[in-house]
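# Examining the three-dimensional arrangement
In case you want the letters, here they are:
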Amino acid sequence: MDLRDDDLFSVAGSLAELLGAPVTIEDENSTVLAYSGGEQAVDEARIGTILGRQVPSRFRQLLSDAGVFDRLHRESDPIYVDLEDPAITPRLVIAVRENDHPVGSIWVALAGTPTATQESILRSAVSVVAERIASERDRVDSTRRRQSQRVQALIGGGEPAFRAADDLRLAGPLTVVAVGTVAGPLPAGLVASLSLYLDTLAVDAVAAQLSETIYLVIATDETNARRLSADFLTRARGREFLAVAVGRTVKSASESHLSRSDADHVLGALRHGRSGGTVAGMRDTLASVLALHVADIIDGLGDSTPLGSLERHDSQHGSDLVATAKAFLEHGGDVANSSAALHVHPNTLRNRLRRGKEMCGVDLTDADTRLILMLQFKLGR
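Residues numbered from 1 in each chain as written. Predicted model: local features only at pLDDT ≥ 70, side-chain atom pairs only at ≥ 80, totals over all residues. Heavy atoms only, no water.

### Some remarks on the sheet that holds strand β4 (residues 91–98)
Across the sheet, which stays open at both edges, the five strands sit in the order β2-β1-β5-β4-β3 with antiparallel pairing between neighbours. In this open sheet, the two edge strands, each paired with only one partner strand, are β2 (32–35) and β3 (79–81). Here the average twist between neighbouring strands, direction ignored, is 25°. The sheet contact formed by strand β1 (residues 23–27) and strand β5 (residues 101–109) spans five bridges and is antiparallel. Opposite T24, over in β5, you have W107 as the bridge partner. (Pairing = 2+ DSSP bridges. Helix = DSSP H or I, 4+ residues; strand = E, 2+ residues; numbered from the N terminus. Axes fitted to C-alpha atoms, helices over the stretch in contact; angles between N-to-C directions.)

Structure follows, in structure tokens:
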């Protein structure tokens with residue numbers, strides 16, 4: 001059997017003919033890489049796997065509970081799997097390895113127990129499939145690198161961005177969107193899912209992951225970029241941990257660095273505030289962005305800030321000046337509402353404010369003092 005010049009789909013089709021049964025080739029994460037044509041509607045498991053390009057979670061759990069994945073990591077021979085579930089017919093499966101490292105598996109849907117000939121054919125296919133998977137990954141990696149380089153040039157602005165936009169055929173107003181997480185790494189396959197979503201809607205856009213951030217450049221305005229981002233977020237896995245920051249709209253690619261700068265600042269604010277499951281722009285986060293911008297300066301001042309003085313007094317005297325100042329500012333300087341929020345008498349609140357001015361030099365009637373305190377509270381010191 002010489003399949004060395006065939007791609008993975010051709011290999012799957014040829015194997016299906018030789019084995020007399022449908023074949024699916026998957027990577028080590030149960031993502032479908034290729035499948036044979038013809039008899040695709042074998043069972044619910046195969047239909048769901050092909051349509052979703054991923055083994056459905058219910059069947060993956062059944063296989064895991066049956067110890068199939070553990071055996072695939074340990075064994076090199078074909079494994080016959082019969083879960084006695086009408087939704088998934090028996091399978092003959094074999095692990096695919098490259099230099100003893102698991103890179104995938106071949107699954108064959110069988111109507112009965114495998115023959116010695118079928119097992120022999122499956123064994124002989126492993127090396128060919130391993131080569132094809134490696135070749136496909138090299139191709140995908142090369143494509144991904146080129147895409148990343150173009151996106152990096154695009155969001156950098158200037159003449160390189162203009163050339164990158166021309167190569168990518170992105171014209172007109174552009175908006176940069178930055179996607180990150182508020183906890184943990186970015187979900188695997190998120191760039192591909194995002195690109196597929198936009199392709200389905202025939203939206204001109206390009207996306208790439210650079211470090212821990214996915215940058216998306218869309219040929220549309222900020223309002224539409226936010227709408228598209230919000231719609232995608234409702235569909236994304238792990239959306240409660242994702243933060244989506246939308247930059248300003250720029251007229252041409254040469255100015256795209258301005259939109260990228262906005263998106264970076266907004267994403268930083270969302271990450272700082274642990275605001276997962278959120279799509280936001282500069283108007284939504286400007287106060288937080290400004291606070292973060294001066295955070296290093298404020299931190300470097302130590303206790304010689306209004307908040308530092310109030311904290312020191314509270315620590316030494318057991319007072320509640322910090323909580324009082326915070327409530328006073330949050331309620332716009334309204335004594336009645338501030339005292340109600342603190343469950344104290346208005347005169348008690350006035351006395352605390354007077355003590356803060358006399359003992360700490362923190363005058364909440366002074367606009368500059370209020371500004372500095374609000375920035376510090378925004379930083380959540």
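### What about the packing of helix α12 (residues 306–317) against helix α16 (residues 367–379)?
For the pair α12 and α16, interaxial distance at closest approach is 8 Å and the crossing angle is 75°. On the basis of the axis angle, α12 is roughly perpendicular to α16. Mapping the contact onto sequence places P306, L307 and L310 in α12 and T369, I372, L373, Q376 and F377 in α16. In terms of residue class, the contact of α12 with α16 is built from six nonpolar, two polar and no charged. (Parallel < 35°, antiparallel > 145°, perpendicular 65-115°, else oblique. Contact = heavy atoms within 4.5 Å. Nonpolar A, V, L, I, M, F, W, Y, C, P; charged D, E, K, R; others polar.)

### As for the sheet that holds strand β8 (residues 213–218)
Within a beta sheet, neighbouring strands are joined by backbone hydrogen bonds and run either parallel or antiparallel to one another. Read from one edge to the other, the open sheet built from five strands follows the order β7-β8-β6-β9-β10, with strand pairing classed as mixed. Edge strands, defined here as strands with exactly one partner in the open sheet, are β7 (205–210) and β10 (278–281). Taken over all neighbouring pairs, the strand axes of this sheet differ in orientation by 20° on average, direction set aside. Sitting on the sheet, helix α9 (residues 256–272) touches β6 (174–181), β8, β9 (242–250) and β10, and the angle it makes with β9 is about 155°.

### So, the packing of helix α13 (residues 321–330) against helix α15 (residues 346–360)
Contact geometry of α13 with α15 gives a least axis separation of 10 Å together with a crossing angle of 115°. The pairing of α13 with α15 is recorded here as roughly perpendicular in orientation. The interaxial crossing formed by α13 with α15 has left-handed handedness. Residue-level contacts link L321, T324 and F328 of α13 to L349, R352, L353, R355, G356 and C360 of α15. Residue composition of the contact of α13 with α15, grouped by class: five nonpolar, two polar and two charged. (Left-handed = near helix turned anticlockwise from the far one by under 90°.)

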